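Remarks on the overall topology
Okay, here's what each chain looks like letter by letter:
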Amino acid sequence: MTKITLITGAGRGIGKEIALKFAEEKHTLYLLVQKKEQKKELIKIFNQKKIKFFIFVGDLKNKKFIKSLDKKILKVDNLINNAAGANTKYFTEVNSTELNNIIDVNLKATFELSQIFSKKMIKKKIKGNIINISSQLGHVGAYNRTAYCMTKFGIEGLTKSMALDLAKHKIRVNSVSPTKTIVNHNEIKTMKKRLNKIKSKIPLGKFSTVEEIAGITFFLTTDIANSITGTSIIVDGGWTAGK
């Protein structure tokens, strides 16, 4: 039977690559994107994949949009909470609007979508998966990342507690926590000095790639990962292992 996977933030970067990976595995896809232009691009790509796919454009800060998905998507086997916002301001310069926005997208939307679709899994007795795309900054702090780190540490706690609550229904919940990942190759030219500084802190001397993150995410949904729940796969090249 064809598996059904819902991916948030599928319009670019890691989310887009995750969508391509699950398309390769012939899943039916529900994709959430933020812009109409992203939808048009994805339609062109996935029309060639010979799979069923549905794309919804909306803002995860919009509660009505999130609630509408409850009626539009009847069931899923996998929920990939990938969408996230960033904030690179110094702690005392983060304003209340920015704080609320990053909490709404990174934490509240993940919580609410996970509630909606875990209820469907439970009702239909689906032994499903919820995977939260987190960050190494959900495990260690960083300068000028207070708001972002707060939400990603929250995702790690949410992942563990959800895993405990949902285990009796055989629903597994995990997170994937990348280090710096190159999603826009223009960065390599325009931010060379900063990227070299970041890379110097990674013992393996390399950034994670979107293909790696997509592959690990898919692995966590497979039967071979049936005993993995409530944990984080930290894809950081050894950054958080110690100094």
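Please read these numbers as outputs of a predicted model, since none were measured by experiment. Sequence order as written defines the numbering, with residues in each chain counted from 1. Thresholds applied to this predicted model are a pLDDT of at least 70 for local features of residues and 80 or more for the giving and counting of side-chain atom pairs; totals over whole chains, interfaces and linings are not thresholded and use all residues. Hydrogens and water molecules were not included; the side-chain quantities draw on all heavy atoms of the structure.

Our next topic: the environment of Glu 24. Only DSSP runs of H or I reaching four residues or more are called helices, and only runs of E reaching two or more are called strands; each is numbered from the N terminus. Note on placement: Glu 24 falls in helix 1 (residues 13-24). The spatial distance from the C-alpha of Glu 24 to the C-alpha of Phe 56 is 21 Å, given a sequence separation of 32 residues.

This part takes up the pattern of salt bridges. Two side chains of opposite charge can pair, provided their charged atoms sit close to one another. By definition here, a salt bridge exists when the distance from a side-chain nitrogen of Lys or Arg to a carboxyl oxygen of Asp or Glu is within 4 Å. Summed over all chains, the structure comprises eight salt bridges. Note that Glu 41 is salt-bridged to Lys 16, the shortest N-O span being 2.6 Å. One end of the pair, Glu 41, is in helix 2 (residues 36-46); the other, Lys 16, is in helix 1, and 25 residues separate them in sequence. A salt bridge links Lys 89 to Glu 98, with the shortest nitrogen-to-oxygen separation between them at 2.7 Å. Using a relative accessible area of 23% as the deciding quantity, one classes Glu 98 as partly exposed. When a residue's accessible area, from a 1.4 Å probe over protein chains only, is under 20% of the maximum for its type it is buried; when over 50% it is exposed; and in between it is partly exposed.

Tracing the chain through its elements places Leu 29 in strand 2 (residues 28-33). On the accessibility criterion, Leu 29 (0% relative accessible area) is buried. As a C-alpha pair, Leu 29 and Met 162 span 133 residues in sequence and 23 Å in three-dimensional space. Residue contacts are defined here by distance: any two heavy atoms, one from each residue, within 4.5 Å place the two residues in contact. Those residues in contact with Leu 29, other than ones at most four positions away along the chain, are Thr 5, Ile 7, Ala 19, Phe 22, Ala 23, Phe 46, Ile 51, Lys 52, Phe 53 and Phe 54.

Summarising burial for strand 2: six of the six residues are buried, a large majority. In strand 2, alternate side chains face the same way, and those of Thr 28, Tyr 30 and Leu 32 on one face and Leu 29, Leu 31 and Val 33 on the other are all buried. By the convention used here, strands pair only if DSSP detects at least 2 bridges between them. Here four bridges tie strand 1 (residues 4-7) to strand 2, and the two strands are oriented parallel to one another. Within strand 2, the residue paired with Leu 6 across the bridge is Tyr 30. Looking down the strands as they point away from you, a crossover is right-handed if its path from the first strand over the helix to the second goes clockwise. As a crossover connection, the stretch from strand 1 through helix 1 into strand 2 is right-handed. Taken together, the five bridges between strand 2 and strand 3 (residues 53-57) define a ladder with parallel strand orientation.

This part covers the side chain of Asn 81. Examined against the element boundaries, Asn 81 turns out to sit in strand 4 (residues 78-81). Classification of Asn 81 as buried rests on a relative accessible area of 3%. Leave out the neighbours within four places in its chain, and Asn 81 touches Thr 8, Thr 110, Leu 113, Ser 114, Ile 130, Ile 131, Asn 132 and Ile 133.

Glancing now at unusual backbone geometry. For Asn 144, which is not glycine, the phi dihedral falls at a positive 60°. Note that Asn 144 resides in the loop between strand 5 (129-133) and helix 5 (146-166). Unusually for a residue other than glycine, Lys 170 sits at a positive phi of about 60°. Summarising the element assignment, Lys 170 is placed in the loop between helix 5 and strand 6 (172-178). Its relative accessible area of 53% is what places Lys 170 among the exposed residues.

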